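Results of the structural survey
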Amino acid sequence: MKAAQDRRMYALAGVEGILAILALAIAFLLRLPFPQAFDSLALYWWALPLSALVLWYSFWAVGLYRWVWYHLGMKEVIHLAWGINMSSLALADLLLVITGFTHPKSIIVLNWLIALVFLGGTRFAIRLRRELLQAKGPSPVGQKRQRALLVGAGEAAEAILREMGRRAPWDLEIIGC
């Protein structure tokens, strides 16, 4: 189980590294005129893998490689935002210190925005895929579900309902809480 989980994390890190490289390349292509964008990418070719390394370190530092979003909450979203913010700021600092980066600084902002969409989308897609694979349809035709009412559960009722929807098929129809 642990080995399979490690393989999934390595695969996720690989995909996120590729997406970090794409985010920086797309930021250059969106911000600069076409011929200048390709010239700049040829000049800053080394920054593309550097963006993946910085992202991996940032995500590791905030703990994003310790879990995958099976249960999405504000904690996970905040960690993702911190990781992307850290990697974008570190990459911007490295580009400024190493080269002076005379290109428009909006490339860094575009990189941040594209990375947020790509990497957040990747994590969200993992969660969505899991939910869709585990979703169980209604009871077979002709089989009646027993009606149930959750009483006195408060906010826990929402968590119970969510968990019931994610787990094995229940022969219960919740009519209220």
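This one's a predicted model, so the numbers in the text were calculated from it and none came from an experiment.

What counts, and where the lines are drawn
Residues numbered from 1 in each chain as written. Predicted model: local features only at pLDDT ≥ 70, side-chain atom pairs only at ≥ 80, totals over all residues. Heavy atoms only, no water. Helix = DSSP H or I, 4+ residues; strand = E, 2+ residues; numbered from the N terminus. Buried < 20%, exposed > 50% of the residue type's maximum accessible area, 1.4 Å probe, protein only. Areas by Shrake-Rupley, 256 points an atom, 1.4 Å probe, with all protein chains shown as cover. Salt bridge = Lys/Arg side-chain N within 4 Å of Asp/Glu carboxyl O. Phe/Tyr/Trp six-rings, centres within 6.5 Å; stacked < 30°, edge-to-face > 60°. Expected span 1.5 Å × (residues − 1). Core = buried A, V, L, I, M, F, W, Y, C linked by side-chain atoms within 4.5 Å. Contact = heavy atoms within 4.5 Å.

What follows deals with the overall build of the chain. Summing up its helical and strand segments, the chain has six helices and two strands in all. Starting at the N terminus, the α and β elements of the chain follow one another as α-α-α-α-α-β-α-β. A total of 177 residues make up the chain; the buried ones form 33% of that total. Accessible surface, the chain: about 11200 Å² in total, of which carbon and sulfur atoms supply 68%.

Applying the stated criterion to the full structure yields one salt bridge. Two residues, Arg 123 and Glu 16, come together in a salt bridge whose shortest N-O distance is 2.8 Å. With Arg 123 in helix 5 (residues 106–134) and Glu 16 in helix 1 (residues 2–31), the pair connects residues that are 107 residues apart, well separated along the chain. For Glu 16, a relative accessible area of 0% corresponds to the buried category.

As enumerated under the stated definition, the model contains seven aromatic pairs in all. A centroid spacing of 6.3 Å and a plane angle of 80° characterise the contact between Phe 28 and Phe 101, whose relative ring orientation is edge-to-face. Taken together, the residues span a long stretch of sequence, with Phe 28 in helix 1 and Phe 101 in the loop between helix 4 (74–99) and helix 5 at a distance of 73 residues. In this pair, the class of Phe 28 matches that of Phe 101, namely buried. Taking the centre distance of 6.0 Å and the plane angle of 55° together, the rings of Phe 59 and Tyr 65 count as tilted. Each member of the aromatic cluster is reached from another via a ring pair, and the members are Phe 28, Tyr 44, Trp 46 and Phe 101.

Turning our eyes to something else, we now look at helix 4. With 26 residues, helix 4 extends 37 Å between its outermost C-alpha atoms, agreeing within 8% with the 38 Å of an ideal straight helix rising 1.5 Å per residue. Buried within helix 4 are the following residues: Glu 76, Leu 80, Gly 83, Ile 84, Ser 87, Ser 88, Leu 91, Ala 92 and Leu 95.

The subject of this paragraph is the nonpolar core. Ranked by size, the top nonpolar core spans 34 residues in total, and within it Leu 24, Phe 28, Phe 59, Leu 95, Phe 101, Ile 107 and Leu 119 carry the most contacts. The set of elements that each furnish at least two residues to this core consists of helix 1, helix 2 (34–43), helix 3 (47–62), helix 4 and helix 5. By residue number, the principal contributor to this core is helix 1, which donates 10 residues. Apart from the residues lying within four places of it in its own chain, the contact partners of Ile 107 are Leu 24, Ala 27, Phe 28, Arg 31, Leu 32 and Phe 101.

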